[in-house]
Amino acid sequence: MANTGLQLLGFFLSLVGLAATVGATLMVEWKKQYQGKTHRIFEGLWMSCSGNERTTCEFHQYLLKLPTEVQATRAVMLISIFLSAVALLVSTLGMKCTRFMDGKDESKSTTAMVGGIMFMVAGVLTLIITSWYVKMIVQIFNDSNALQSFEFGNAVFVSWAGGLLTAAGGAFLGCRRCSRSPSNSSISSNHLLSTTHPKSNYV
């Protein structure tokens, strides 16, 4: 039951991490700029918004005209979401609480481990690309006029949280010892004891 609980914890963490990653990808506050006291400008991976009390948003129309950090971050975040979605299906097949592949404990634990590794890769990709995006924004901020440059927004923190949760959940799912059935080890130990200490019949 303890191993099943760890698998469920890892699956839940990865699911929350995937939701946070999707939310961060769709958020518009990847970078922000304030002009005066009321005018605000936000730019995301898919659209930009500007205005005072009421903001108007429009989608990015030309992909090749977008900054390099936006193009790269958008691509890697989509790859991370795709990997997490595949890992979600694979992990469901390999978890002990599901009835898929019943009677194949070794294959089931291997499947859960593969799903966990995919979650870890997706989480690490999210963390790396988000950190690189922040580095680029900070570098542009330091090299240009501070009044005319952008700062990174709240979507960055949501993306970091999503990457950490996804990687942590994948670590629980990918733990070979956590996904292996305890009954197999007890059976093998009993078999070892029976072979090392055979019964002797005395007359």
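Structure: above.
A few points on the structure. Values in this document were obtained by computation on a predicted structure and should not be read as measured data.

Regarding its fold elements, the protein chain presents 6 helices and 5 strands. In sequence order, the protein chain lays out its α and β elements as α-β-β-β-β-α-α-β-α-α-α. Across the 203 residues that make up the protein chain, the buried fraction comes to 35%. Within the protein chain, residue pairs in contact and separated by at least 24 positions form 66% of the contacts whose partners lie at least 6 positions apart. Surface summary for the protein chain: the accessible area is close to 12100 Å², and the carbon and sulfur share equals 65%.

Turning to the packing of aromatic side chains, a few remarks are in order. This structure, assessed with the given rule, holds 3 aromatic pairs. Aromatic side chains Phe 157 and Trp 160 sit 5.9 Å apart centroid to centroid with 70° between the ring planes, which places their arrangement in the edge-to-face category. Of this pair, Phe 157 and Trp 160 both sit in helix α4 (residues 154-174), separated by 3 residues, roughly a single helical turn. Judged by relative accessible area, which is 45%, Phe 157 ranks as partly exposed.

This part covers helix α2 (residues 68-94). The terminal C-alpha atoms of α2 lie 39 Å apart, and with 27 residues this matches the ideal 39 Å at 1.5 Å per residue to within 8%. For α2, the full list of buried residues reads Glu 69, Val 70, Thr 73, Arg 74, Met 77, Ser 80, Ile 81, Ser 84, Ala 87, Val 90, Ser 91 and Gly 94.

Attention shifts here to the state of the cysteines. This structure, assessed with the given rule, holds 1 disulfide. Note on cysteine connectivity: Cys 49 is disulfide-linked to Cys 57, with sulfurs 1.8 Å apart. When the S-S torsion is 110°, as for the bridge of Cys 49 with Cys 57, the disulfide is right-handed. Looking at Cys 49, the relative accessible area reads 4%, which means it is buried. According to the relative accessible area criterion, Cys 57 is partly exposed, its value standing at 43%.

A few words now on the side chain of Ser 80. For Ser 80, the location among the structural elements is in helix α2. Looking at Ser 80, the relative accessible area reads 1%, which means it is buried. Beyond its immediate chain neighbours, meaning those up to four positions away, Ser 80 contacts Thr 21, Ala 122 and Thr 126.

Rules used throughout
- Residues numbered from 1 in each chain as written.
- Predicted model: local features only at pLDDT ≥ 70, side-chain atom pairs only at ≥ 80, totals over all residues.
- Heavy atoms only, no water.
- Helix = DSSP H or I, 4+ residues; strand = E, 2+ residues; numbered from the N terminus.
- Buried < 20%, exposed > 50% of the residue type's maximum accessible area, 1.4 Å probe, protein only.
- Contact = heavy atoms within 4.5 Å.
- Areas by Shrake-Rupley, 256 points an atom, 1.4 Å probe, with all protein chains shown as cover.
- Phe/Tyr/Trp six-rings, centres within 6.5 Å; stacked < 30°, edge-to-face > 60°.
- Expected span 1.5 Å × (residues − 1).
- Disulfide = S-S within 2.5 Å.

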